[in-house]
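# Structural features, examined
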Amino acid sequence: MNMPARFSEALNDFSAGTAGGAVLVKVPARVNIIGEHSDYNNGFVLPMSTAIFTWATASPRDDRKIEVTSHNIGETCLFELDGIQPGQPFSWVEYVKGVAAELEGFGIVLRGADILIESDIPLGAGLSSSASLELAVAKTLLAVVGESVAGPELAKLCQKAEQNYAGVRCGIMDQYTLNCAEEGHAILLDCRSLEVFQIPMPPEFGFILTDCGVKHRLPDGRFNSRADECEAAVEILARNAPDIESLRDLRTDVLEVNRTALGDVLYRRCRHVVSENERVKSAVQAIEDGELQKLGALFDACHTSLRDDYEVSCDELEALVKAANASNGVFGARMVGAGFGGCVLSVCRSDRVSEVATEIRANYATVTGQEPWQHIVEPAKPARVITQS
Ligand code: GLA
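Residue numbers here run from 1 along each chain, matching the order of that chain's written sequence. Per-residue local features of the predicted model are confined to residues with pLDDT of at least 70, and side-chain atom pairs are confined, for both listing and counting, to 80 or more; whole-chain, interface and lining totals are unaffected and use all residues. Only heavy atoms go into the side-chain values, all of them from the structure, while hydrogens and water stay out.

## Focus: the overall build of the protein chain
Quick reminder of the rule: Comment: elements are numbered from the N terminus, with helices defined as DSSP H or I runs of at least four residues and strands as E runs of at least two. Radius of gyration here uses only the C-alpha atoms, and the compact-globule reference equals 2.2 Å multiplied by the residue count raised to the power 0.38. The contact criterion used throughout is that any non-hydrogen atoms of two residues lie within 4.5 Å. Note on areas: Shrake-Rupley with a 1.4 Å probe; residue coverage comes only from the protein chains shown. Neither His nor the chain ends is counted toward charge; the positive residues are Lys and Arg and the negative residues Asp and Glu. For the purpose of locating charges, the reference atoms are NZ of Lys, CZ of Arg, CG of Asp and CD of Glu.
The helix and strand tally for the protein chain stands at 11 helices and 12 strands. Taking 2.2 N^0.38 as the reference for a compact globule, 389 residues should give roughly 21 Å; the C-alpha atoms of the protein chain span a radius of gyration of 21 Å, in line with that estimate. Each of the three principal axes of the protein chain carries a C-alpha extent, and together these read 65 × 55 × 35 Å. In the protein chain, the share of contacts with a sequence separation of at least 24, taken over all contacts with a separation of at least 6, comes to 72%. Within the structure as shown, the protein chain displays about 15200 Å² of accessible surface, and the carbon and sulfur contribution to it stands at 48%. With 35 positive and 55 negative side-chain charges, the protein chain shows a spacing of 2 Å between the two charge centroids.

Take a look at the structure:
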């Protein structure tokens, strides 16, 4: 994907400015192959990045003010680096403030900057547009002062920014993926130890993203209610099994013994988390063995579990999964990301992606009258500074 034209212009303007030192940063989007709602339960996830990007340029200022413009939202905000506090009502600039505050809290002395952001990643579509924004801002602010923070540490700082400034109890998957997944690879991430294994993606595997058109908004509370339920379940389980510190530690036999104590809703939330961890391990095996059909079956089981046990689907996602599964060549399809709307990820042979994508689009349009946004997944390079003058 080429740099948007206004970014090369902005870079030239910045370079010509008196402060000097323009920066351009490019951060991909995250596509989770499998392992949904597992990260904040300390489980396993298997995400990759894809070549749709958040772009950020910045030029330094001589004061401690950040002026940030979002081209997508059409807004400019100004804030002081001293005394940053979460603001109300919530708006996109909270992510920017949060990242600046967490970097300074970590001991990086920032300086003022004029930042311009543009993103090709659809918002609220399950592709981690917020984590991509956080990393774009973090890399930009660091580059402006000539500092760097190691990828895993930077991922944790950006996660904290989202938790403390957007109020979302997110896990570490998105920020880790965008910082650590290598081009052409997915990562198997153990969200407890933070051990990362790079998994090469077989070239014959094709992945298609299709947006059902319903935008989720994670700060609206529905995501946090799932994290709260998992925490409540751990509290109940730990009464009988004190070695359970998170749902990662739960085994199916212990879950069954505690079925009545948990009650129907918490039991089903736990069943999703336990079964999803197993699916992640099987998916790694399927990828290593080049078994598209097996991966497809895991996608179907994951979607069913997210819909029935975790209850994060909606009518539009259901219509889209049905449309995808009715398309020739699709081995499996599932909602991707937090749910409550957003994209469906379908898996097929890579030499058939364009025909399959066309058929999914046509099938969805027949049912809903909507032409959905689509993207063929291409695991990209991690977040990086691409120019600094
Ligand atoms: C959002 C969160 C992630 C993860 C996913 C669901 O993207 O930011 O941490 O919990 O939802 O898997």
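## With respect to the site of the ligand
Note the following rule: Near residues are defined by distance, with any heavy atom within 4 Å of the molecule or strand qualifying the residue. For this analysis, a polar contact is any N or O atom pair within 3.5 Å, provided that within protein one partner can donate a hydrogen and the other can accept it, and provided that sequence-adjacent residues contribute only side-chain to side-chain pairs. Grid spacing is 1 Å over the protein atoms alone, the probe is 1.4 Å, and a cavity is where that probe fits but cannot get out, while a pocket is an open set with protein on both sides within 12 Å along at least five of seven lines and lining residues have an atom within 4 Å of a point. The rule for placing a molecule in a cavity or pocket is simple: more than half of its atoms must lie within 2 Å of the grid points.
Among the 13 residues in the neighbourhood of the ligand, the closest are listed as Glu36, His37, Asp39, Gly171 and Asp174. With respect to the ligand, the side chain of Arg30 contributes an N or O atom lying 3.0 Å from an oxygen atom. Here an oxygen atom of the ligand sits 2.7 Å away from a polar atom, N or O, in the side chain of Glu36. When the ligand sits alone it has 300 Å² of accessible area, and the protein chains cover 97% of it. Among the detected pockets, the ligand sits in the largest pocket.

## Digging into the nonpolar core
Note the following rule: Put simply, buried Ala, Val, Leu, Ile, Met, Phe, Trp, Tyr and Cys residues joined by side-chain atoms within 4.5 Å make one nonpolar core. Working definition: with a 1.4 Å probe on protein chains only, accessible area under 20% of the residue-type maximum means buried, over 50% means exposed, and in between means partly exposed.
Core analysis: the biggest nonpolar cluster contains 123 residues, and Leu46, Val68, Phe207 and Leu295 have the highest contact counts within it. The dominant element in this core, judged by the number of residues it contributes, is helix α8 (residues 259–288), at 11 residues. Apart from the residues within four sequence positions on either side, Phe207 is in contact with Met48, Met201, Leu295, Phe299, Leu345, Ser346, Val347, Val353, His375, Ile376 and Val377. The next biggest cluster of nonpolar side chains, apart from the first, holds 10 residues, and it includes Val45, Ile172, Met173 and Tyr176.

## With respect to helix α9 (residues 292–308)
Keep this limit in mind: The length a helix should cover is 1.5 Å for every residue beyond the first.
The terminal C-alpha atoms of α9 lie 24 Å apart, and with 17 residues this matches the ideal 24 Å at 1.5 Å per residue to within 8%. Where α9 is buried, its residues meet β1 (23–34), β8 (205–211), α8, α10 (315–325), β9 (332–335) and β10 (343–349).

## Section: unusual backbone geometry
The linkage connecting Gln88 with the following residue, Pro89, adopts the cis geometry, with an omega of -10°. Of note, Pro89 is situated in the loop between β4 (75–80) and α2 (93–105). The phi torsion at His37 lies on the positive side, around 60°, for a residue other than glycine. Along the chain, His37 falls in the loop between β1 and β2 (44–60). Of the residues examined, His37 reaches a relative accessible area of 5% and is grouped as buried.

## A short note on the sheet that holds β10
Defined as follows: At least two DSSP bridges between two strands are required for those strands to pair. For helices, the fitted axis covers only the stretch in contact; all axes are lines through C-alpha atoms, and the angles between them, taken along N-to-C directions, range from 0 to 180 degrees.
Spatial ordering of the open sheet is given by β9-β10-β8-β11, a layout of four strands whose pairing is antiparallel. In this open sheet, the two strands that pair with only one neighbour each are β9 and β11 (374–376). The sheet shows a mean angle of 20° between the axes of neighbouring strands, taken without regard to direction. Alignment of β8 against β10, held across seven bridges, turns out to be antiparallel. The residue bridging Gly206 from the neighbouring strand is Cys348, located in β10. Here α9 sits on the sheet and contacts β8, β9 and β10; the angle it forms with β9, its principal contact strand, is near 35°.

## Comments concerning the packing of aromatic side chains
The criterion, for reference: Stacked, tilted and edge-to-face pairs are distinguished by plane angle, under 30 degrees for stacked and over 60 for edge-to-face with tilted covering the rest, among Phe, Tyr and Trp rings (Trp via its six-membered ring) whose centres lie within 6.5 Å. Ring-over charges, as used throughout, are those where CZ of Arg or NZ of Lys falls within 6 Å of the ring centre and within 35 degrees of the ring normal.
Per the counting criterion, the structure on display carries four aromatic pairs. With a centroid separation of 5.4 Å and 70° between ring planes, the pair formed by Tyr40 and Phe223 is classed as edge-to-face. With a gap of 183 residues between them, Tyr40 in the loop between β1 and β2 and Phe223 in helix α6 (residues 222–240) connect regions that are remote in the sequence. A relative accessible area of 6% means that Phe223 is categorised as buried. Considering the side-chain rings of Phe53 and Trp55, the 5.9 Å spacing of their centres and the 65° angle between planes classify their relative orientation as edge-to-face. Trp55 carries the same exposure label as Phe53, and that label is buried. A cation sits over an aromatic face here: Lys26 above Phe53, 4.4 Å from the ring centre. The residue whose ring lies beneath Arg334 is Phe299, and the NZ or CZ to ring-centre distance is 5.7 Å.

## Considering the packing of helix α4 (residues 151–166) against helix α5 (residues 173–180)
Keep this limit in mind: By definition, turning the near helix anticlockwise from the far helix through less than a right angle yields a left-handed crossing, and turning it clockwise yields a right-handed one.
Direction vectors running N to C along α4 and α5 enclose 145°, while the axes themselves pass 8 Å from each other. Where α4 crosses over α5, the two elements pack in a sense that is right-handed. In this structure, α4 uses Gly151, Pro152, Leu154, Ala155, Cys158, Gln159 and Glu162 to contact α5, whose residues at the interface are Gln175, Tyr176 and Asn179.

## Topic: the pattern of salt bridges
Any two side chains of opposite charge can pair, given that their charged atoms come close. Here is the rule we go by: Each reported salt bridge corresponds to a side-chain nitrogen of Lys or Arg within 4 Å of a carboxyl oxygen of Asp or Glu.
Tallying each qualifying case throughout the model produces 31 salt bridges. Where Asp190 meets Arg248, a salt bridge forms, and the shortest distance between an N and an O atom there is 2.9 Å. Separated by 58 residues along the polypeptide, Asp190 in strand β6 (residues 185–190) and Arg248 in the loop between α6 and α7 (252–257) bring together distant segments of the chain. Each of the two residues, Asp190 as well as Arg248, counts as buried.

## Considerations on the packing of helix α3 (residues 129–144) against α5
So the rule is basically this: Should an angle lie under 35 degrees it is considered roughly parallel, over 145 roughly antiparallel, and from 65 to 115 roughly perpendicular; all remaining angles are considered oblique. The residue classification treats Ala, Val, Leu, Ile, Met, Phe, Trp, Tyr, Cys and Pro as nonpolar and Asp, Glu, Lys and Arg as charged. All others, Gly included, are polar.
Relative orientation of the contacting elements α3 and α5 amounts to 55°, with a least axis distance of 9 Å. The orientation of α3 with respect to α5, classified from their angle, is oblique. Along this stretch, α3 crosses α5, giving a crossing that reads as right-handed. Along its contact with α3, which presents Ala131, Ser132, Glu134, Leu135 and Lys139, the element α5 presents Asp174, Gln175, Leu178 and Asn179. When grouped by side-chain class, the residues that make up the contact of α3 with α5 number three nonpolar, three polar and three charged.

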